[in-house]
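Single-letter residue listing:
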Amino acid sequence: MRVEQAARVTGVTPRPPPKYEKTEWPLSIVFVSSEVTPWSKTGGLADVCGSLPRELVKRGHRVMVVSPYYQRGTKEDKYFEGAFDTCSNASVGCFGAAHEVGFMHQIHDGVDFVFVKHDCYERPGGIYADAMGNAWDDNQFRYTLLSHAACEAPLKINFEGKGTYGDEVVFVANDWHAGLVPLVVASKYRQYWNTYHNARTITVIHNILHQGSEPATTFPNLGIPDDWYWCLEYQYPEHMRAHELDLGLVVNILKGAVATSDRVLTVSEGYAEEICTPLGGKGLEGILTERKHRLDGVVNGIDLDEWNPANDPHCEFPYDVSNLAGKLMNKRALQRELGFDVRDDVPLLGFIGRLDWQKGPDLIRDSIAEMMNEDVQLVMLGSGIGELEGFMQWAEATYNDKFRGWVGFNVPVAHRITAGCDILLMPSRFEPCGLNQLYAMRYGTLPIAHATGGLNDTITRHNPFALDDPEVAVAAAIASDEGEDGNREMADLGPGTGWLFDSMDTWSFMYCVSNACKLFRENPRMWRAMQIQAMSQDLSWYHAALKWEKIFEWSKIDPPHCEIKQEHHHHY
Ligand SMILES: Nc1ncnc2c1ncn2[C@@H]1O[C@H](COP(=O)(O)OP(=O)(O)O[C@H]2O[C@H](CO)[C@@H](O)[C@H](O)[C@H]2O)[C@@H](O)[C@H]1O
């Protein structure tokens, strides 16, 4: 459809999309993650671990995803019903005992989803916290167990007809929950068990705020040989310590992962730079800078089947870039659902995300009076910090004709907001990649975002001068999407795909909001051109998967980062 659209606007037929080719170097890859869509999800990590592995399988790799077998008394439990017991199990040595775990298995689009079964994952409540939002006090145990179990999976599980994955795999350890994987591989398997010498480990940072830090006295729990303690040791700066005698010493699992894995990857190029700075590194900037020559950033793709305006089971009216009539119908349906006036001429703004410091909903709160002065409608979906949930309820009561606050986590509503809104707000303080702005652009919903990390990398600023000849601009925008990797310079000639504000203050934010609303009201032609540019981008996993593949290949070419005995090894 993109190709036809481009042909209609430009009068030339662009090159067809690249032909799918398989890799010449198929690898065995093991993703380890605390959450995976659709079985368990609190955020973008789950989406990435649910969709990227499928793309890698299409490229010809053998891919396993290891995650817990959660039973939480929720609707998601039923997804696990399709998993069968592999009858393999493993004994994990940590927390002063040997713990038996089982492995359940389910194949989806050729990906082996493996679920680690243990009592600690089966309890009512959230994935990381109880129903009140208090983190489970045994999370260190739960994810230590996951990481150790994941190291056993490729050796132990004999997949019917295909055998085990064996010991030459590439491990992809996502966030702190899987952060012990590189440590266990380096400190135990390679050192004492003479295996995984040809395996490689890659630490992927989706969220650097959570590092898995616990008091240093918990080190013996982790099942890591004593002489590797220094990899995990981290000392909080003085101002972050509790009292005079507090040395601020902790074991920091994410730090250990960065120190010992063969490569480090994060989810946009911009963010890879940011985490090497004091502002972005959240205390890990030192070790990340030391490893900068092995640190890369690759922007996430999205699951084009799950987020497809032309076929979205959660939305009533399908549409695509060649005909946006359905989008307007979805907007009206959303206005009706929310109890707003059904008006085409009012810009409908949306926010979807966790209500926490990272996502910046407090900037919306601080700007609310000013925003409500405009002729707009705003819907916010999210849960998190109680104070911000309270704000949403307050704003709904105060600005009842213009504001709706939907407290909760609700995937169908997220789809309807993405499809029905004109504008998506993403005032994130930091954003490693961000998926919602990608979903929004695919749905012709233009993002207003803080110019940070992946938001800065994926949103093209509105260019008012494209107005001189929007059709040429759109043609340029569409052409920019052809070829290997798009062409940012060409894209910059287009009308843009959204608005970016450079500093986290009401003035900068509202400047974009007002401009966007003005454009929406006064220049539908330009708006449409922006929608075309946004919707014409190739946001699939295809290009991202090629880049991940390169990282895997480089890791295989280099010798392991931690191979030799630690006494001889460089200390961090
Ligand atoms: N209340 C709600 N109801 C329904 N759905 C909701 C919801 N709140 C959030 N979601 C969904 O959760 C996901 C959030 O993904 P993001 O990538 O935007 O942020 P997150 O911080 O979780 O991910 C981290 O990891 C990802 C993946 O690498 C990075 O893109 C990102 O920058 C990083 O912070 C989206 O699919 C969104 O629709």
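Residues numbered from 1 in each chain as written. Predicted model: local features only at pLDDT ≥ 70, side-chain atom pairs only at ≥ 80, totals over all residues. Heavy atoms only, no water.

Participant: Please explain a nonpolar patch on the surface as it appears in this structure.
Facilitator: Residues W25, W554 and I557 make up a contiguous nonpolar surface patch of about 320 Å² in total accessible area. Note on placement: W554 falls in helix α20 (residues 541-557). (Patch = residues over 30% accessible without salt bridge, like charges linked within 9 Å, V, L, I, M, F, W, Y side chains within 5 Å. Areas by Shrake-Rupley, 256 points an atom, 1.4 Å probe, with all protein chains shown as cover. Salt bridge = Lys/Arg side-chain N within 4 Å of Asp/Glu carboxyl O. Helix = DSSP H or I, 4+ residues; strand = E, 2+ residues; numbered from the N terminus.)

Participant: Please explain the confidence of the model for the protein as it appears in this structure.
Facilitator: Low-pLDDT stretches of the model should not have their predicted coordinates read in fine detail. Overall, the predicted model of the protein reaches an average pLDDT of 92, with 91% of residues at or above 70. A low-confidence stretch, residues 10-15 stays under pLDDT 50, and its non-local contacts, those more than four residues away or across chains, total 10 contacts. Confidence drops under a pLDDT of 50 for residues 566-572, and excluding neighbours within four residues, the segment shows 18 contacts in the predicted structure. Two summary scores accompany this predicted model of the complex, namely pTM at 0.91 and ipTM at 0.98. (pLDDT = per-residue confidence, 0-100. Contact = heavy atoms within 4.5 Å.)

Participant: What is the right way to look at the environment of N523 in this model?
Facilitator: Tracing the backbone shows N523 in the loop between α18 (506-522) and α19 (524-536). Within polar-contact distance, the side chain of N523 engages the backbone nitrogen of M526 at 3.0 Å. (Polar contact = N/O pair within 3.5 Å; in protein donor to acceptor, adjacent residues only side chain to side chain.)

Participant: Help me understand the UniProt feature "domain: Starch synthase catalytic" (unreviewed entry) in the protein, please; the structure alone is not making it clear to me.
Facilitator: Here, the residues flagged by UniProt with the feature "domain: Starch synthase catalytic" (unreviewed entry) are residues 29-289. The distance separating the terminal C-alpha atoms of residues 29-289 is 26 Å; by composition the span is 28% helix and 25% strand. (UniProt positions renumbered as here; feature names shortened; annotations may be inferred.)

Participant: Got a minute to help me understand the domain arrangement of the protein in this structure?
Facilitator: Reports often express the size of an interface as the amount of accessible area lost when the parts come together. We note that the domain assignment places domain 1 (28-301 + 547-557) and domain 2 (304-539) within the protein. Look at where the C-alpha atoms of domain 1 and domain 2 centre, and you get two points 32 Å apart. In this complex, domain 1 contributes 19 residues to the contact, which on the side of domain 2 involves 19 residues. Both faces combined, the contact of domain 1 with domain 2 buries some 1,400 Å², and carbon together with sulfur accounts for 59% of it. Across the contact surface, domain 1 and domain 2 share 0 salt bridges. Inspection of the domain 1/domain 2 interface yields 8 residue pairs in polar contact (both at pLDDT 80 or more). Sorting the residues of the side of domain 1 that touches domain 2 by element identifies α2 (44-58) and α7 (269-274) as the ones contributing at least two each. The residue inventory of the side of domain 1 that touches domain 2, partitioned by class, reads 4 nonpolar, 9 polar and 6 charged. (Domains from an automatic or database assignment. Buried area = accessible area lost by both parts, 1.4 Å probe. Nonpolar A, V, L, I, M, F, W, Y, C, P; charged D, E, K, R; others polar.)

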